[in-house]
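Residue-level structure breakdown
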Amino acid sequence: CKNEVPHLNLVHQKYADNDDLMVIGIGIRSGIAEFVQSQGVQYLVLQDHENETVSNLYGVWSVPHNVFINRQGRITRQIAQSLSESGLERYINEIL
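Because the structure is a prediction, the values reported are computed rather than measured. Starting from 1, residues in each chain are numbered consecutively following that chain's sequence as written. For a predicted model such as this one, the threshold for reporting local features is a pLDDT of at least 70, and the threshold for listing and counting side-chain atom pairs is 80 or more; totals across whole chains, interfaces and linings nevertheless cover every residue. Note: side-chain values were computed over all heavy atoms of the structure, leaving out hydrogens and water.

This part is about the layout of surface pockets. In this model, the largest pocket occupies a volume close to 1,100 Å³. Going through the elements one at a time, α1 (5-15), β1 (24-27), α2 (32-39), β2 (44-47), α3 (53-58), β3 (66-69) and α4 (85-95) are the ones with two or more residues in the lining of the largest pocket. The nonpolar class holds Ala, Val, Leu, Ile, Met, Phe, Trp, Tyr, Cys and Pro. Asp, Glu, Lys and Arg form the charged class, and all remaining residues, Gly among them, are polar. Its residues assigned to classes, the lining of the largest pocket comprises 28 nonpolar, eight polar and four charged. With a 1 Å grid laid over protein atoms only, a set of points is called a cavity when a 1.4 Å probe fits there but cannot get out and a pocket when it is open yet has protein on both sides within 12 Å along at least five of seven lines; lining residues have an atom within 4 Å of a point. Grid points are joined across faces, edges and corners, and a volume is the space filled by probe spheres set on the points. Secondary structure elements are defined from DSSP: runs of H or I of at least 4 residues count as helices, runs of E of at least 2 residues count as strands, and each element is numbered from the N terminus.

Now for the confidence of the model for the chain. The share of residues in the chain with pLDDT of 70 or more is 100%, and the mean pLDDT across the chain is 91. pLDDT expresses, on a scale from 0 to 100, how confident the predictor is about each individual residue. Of all secondary-structure elements in the chain, the lowest mean pLDDT belongs to α3, at 88, while α1 reaches the highest, 96.

To continue, consider the packing of aromatic side chains. Ring geometry is summarised as follows: Phe, Tyr and Trp rings, the Trp one being its six-membered ring, pair when their centres sit within 6.5 Å, and such pairs are stacked at plane angles under 30 degrees, edge-to-face over 60 and tilted between the two. Counted by the stated rule, this structure contains one aromatic pair. For the pair phenylalanine 68 and tyrosine 91, a centre-to-centre distance of 5.5 Å together with 50 degrees between the ring planes defines the contact as tilted. Of this pair, phenylalanine 68 sits in strand β3 while tyrosine 91 sits in helix α4; the two residues are 23 residues apart in sequence, bridging distant segments of the chain. Remark: exposure states derive from per-residue accessible area (1.4 Å probe, protein chains only) relative to the maximum for the residue type, with buried under 20%, exposed over 50%, and partly exposed in between. Relative accessible area serves as the criterion here: at 7%, phenylalanine 68 is assigned to the buried category. Either the NZ atom of lysine or the CZ atom of arginine qualifies as a charge over a ring when it sits within 6 Å of the ring centre and within 35 degrees of the ring normal. Across the ring face of tyrosine 91, the terminal group of arginine 90 is positioned such that the distance to the ring centre comes to 5.0 Å.

Another aspect to go through is a nonpolar patch on the surface. Nonpolar side chains (Val, Leu, Ile, Met, Phe, Trp, Tyr) within 5 Å and like charges within 9 Å form the patches, drawn only from residues with over 30% relative accessible area and no salt bridge. Each accessible area is a Shrake-Rupley estimate made with a 1.4 Å probe; only the visible protein chains count as cover when residues are assessed. Within this document, salt bridges are pairs made up of a side-chain nitrogen of Lys or Arg and a carboxyl oxygen of Asp or Glu, the two lying within 4 Å of each other. Side chains of Met22, Ile24, Ile26, Leu44 and Leu46 sit close together on the surface and give an oily, nonpolar patch of about 450 Å² of accessible area. For the nonpolar patch, the elements supplying multiple residues, two or more each, are β1 and β2.

Before going further, it helps to examine the side chain of glutamate 4. Structurally, glutamate 4 is set in the segment before α1. Arginine 90 provides the closest opposite charge to the buried, unpaired glutamate 4, separated from it by 11 Å. Side-chain polar atoms of glutamate 4 contact the backbone nitrogen of leucine 83, separated by 2.8 Å. By the convention used here, residues are in contact when the closest approach between their heavy atoms is within 4.5 Å. When near neighbours in sequence (up to four residues on either side) are disregarded, glutamate 4 contacts Pro64, Asn66, Gln81, Ser82, Leu83 and Leu88. Here Asp and Glu are counted as negative and Lys and Arg as positive; His is not counted, and neither are the chain ends. In the analysis that follows, any N or O atom pair within 3.5 Å is treated as a polar contact, provided that within protein one partner can donate a hydrogen and the other can accept it, and provided that, for residues neighboring in sequence, both atoms belong to side chains.

A separate point is the pairing of β1. By the alternation rule, side chains of β1 split into Gly25 and Gly27, which are all buried, and Ile24 and Ile26, of which none is buried. Examined bridge by bridge, β1 and β2 share four bridges and lie parallel to one another. Bridging from a neighbouring strand, glycine 25 pairs with valine 45 of β2. Orienting the strands away from the viewer, one traces the path from the first strand over the helix to the second; a clockwise path indicates a right-handed crossover. The handedness of the β1 to β2 crossover, carried by α2, is right-handed. The pairing criterion for strands is at least two bridges between them, as found by DSSP.

Quick look at the structure:
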């Protein structure tokens, strides 16, 4: 997860003025606010509810876990590993 933050920050910056893509992080463990601050996260990060509502909805049981959702709200890909910037871009291009 730490390794992916710089890549997600770059993708977030690249698409910040574009309504077609939004980078959102979901904290599934306590301490997410401290992580966001210490790692310099620039994209939106939300804390999952203590009963892991979002985690259960998307089947997230480990981090990092990337979920790509298209404009129709359909999950197009899930990857339970850290991605490079080029890897993120490849999957982003599939949904744009």
